[in-house]
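Residue-level listing of the chains:
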Amino acid sequence: MNEGQSPIPAAPRATSPDGRESALTALIRIALAVLFLDELVVGFWNQVFPESFYNHFPTVTLTPPFSEHYARDFGGASLGLAVVLGIALVAPRAAFTIPAAAAFSTFAIPHFFFHLTHLHHASHGEAVYLTTANAVVALLGLLVIALTLIRDARHRSTQGDAASG
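Residues numbered from 1 in each chain as written. Predicted model: local features only at pLDDT ≥ 70, side-chain atom pairs only at ≥ 80, totals over all residues. Heavy atoms only, no water.

Asker: When you look at the overall build of the protein in this model, what are you seeing that I'm missing?
Answerer: Regarding its fold elements, the protein presents five helices and zero strands. Listing each helix as α and each strand as β along the protein from the N terminus yields α-α-α-α-α. The 165 residues of the protein split such that 30% are buried. As displayed, the protein has an accessible area near 9800 Å², and 68% of this comes from carbon and sulfur atoms. (Helix = DSSP H or I, 4+ residues; strand = E, 2+ residues; numbered from the N terminus. Buried < 20%, exposed > 50% of the residue type's maximum accessible area, 1.4 Å probe, protein only. Areas by Shrake-Rupley, 256 points an atom, 1.4 Å probe, with all protein chains shown as cover.)

In structure tokens:
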């Protein structure tokens, strides 16, 4: 490594030469914003008002019984995810976006499959809502990873083209 160079490769520029944000970075930020807000709301509500969350959040009462301990633990974990998603949202570098989205996906994908296989007490509308909402956020986590990899591969490609030209 050359003296004065960082061991961490430079992040792709979030803006194009004319100052506009790249389309892929904008999509990454939108997906991260949705995931961040989801985890922030769910986490805060569970952490601060666990019984209210249990009684009023759609479909939660389908899997009784209420446990304040589990609700607060889940709230704290959700807030922790919101922190790393928020960091990635503010600085959408691969070093932040991929671990944040992977951590979220580690929760969201099994969560989706749990609900998909536990719909016997749900009405038709609740089942549709539950599976759709959980599928969307689970896919968003994977989408952030994919978009980041695509964006950074394009950046490396254009860097290589510029260096050889």
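Asker: Quick question: what am I supposed to make of the side chain of Thr59 here?
Answerer: Mapped onto the fold, Thr59 is located in the loop between α2 (50-56) and α3 (68-90). By relative accessible area, which is 9% here, Thr59 ends up buried. Among residues more than four places away in sequence, those in contact with Thr59 are Glu126, Tyr129 and Leu130. (Contact = heavy atoms within 4.5 Å.)

Asker: It is not clear to me how the packing of helix α1 (residues 23-48) against α3 should be interpreted in this structure. Could you clarify?
Answerer: When two helices pack together, their arrangement is given by the angle between their axes and by how far apart the axes lie. Closest axis-to-axis distance for the α1/α3 pair is 7 Å, and the angle between their directions is 155 degrees. It follows that α1 is roughly antiparallel to α3 by the angle criterion. The element α1 and its partner α3 pack so that their crossing is left-handed. Class assignment of the residues belonging to the contact of α1 with α3 gives a composition of 17 nonpolar, seven polar and three charged. (Axes fitted to C-alpha atoms, helices over the stretch in contact; angles between N-to-C directions. Parallel < 35°, antiparallel > 145°, perpendicular 65-115°, else oblique. Left-handed = near helix turned anticlockwise from the far one by under 90°. Nonpolar A, V, L, I, M, F, W, Y, C, P; charged D, E, K, R; others polar.)

Asker: Explain the packing of α3 against helix α4 (residues 94-116) here, please?
Answerer: Contact geometry for α3 and α4: axes closest at 8 Å, N-to-C directions at 155 degrees. The angle between α3 and α4 places the two elements in the roughly antiparallel class. Here α3 runs over α4; the crossing is left-handed. In this structure, α3 uses Phe74, Leu81, Val84, Leu85, Ile87 and Ala88 to contact α4, whose residues at the interface are Phe96, Thr97, Ala100, Ala103, Phe104 and Phe107. Residues that form the contact of α3 with α4 fall into these classes: eleven nonpolar, one polar and no charged.

Asker: I'm lost on the packing of aromatic side chains in this one. Help?
Answerer: Aromatic ring pairs are defined here through the distance separating the ring centres and the angle between the ring planes. As enumerated under the stated definition, the model contains eight aromatic pairs in all. On the numbers, 6.4 Å between centres and 75 degrees between planes, the contact of Phe44 with Phe49 is edge-to-face. Assessed through its relative accessible area of 45%, Phe44 is described here as partly exposed. In this structure Phe49 comes out as partly exposed when scored by relative accessible area, which is 45%. With a centroid separation of 5.8 Å and an interplanar angle of 70 degrees, the aromatic rings of Trp45 and Phe57 are classed as edge-to-face. (Phe/Tyr/Trp six-rings, centres within 6.5 Å; stacked < 30°, edge-to-face > 60°.)

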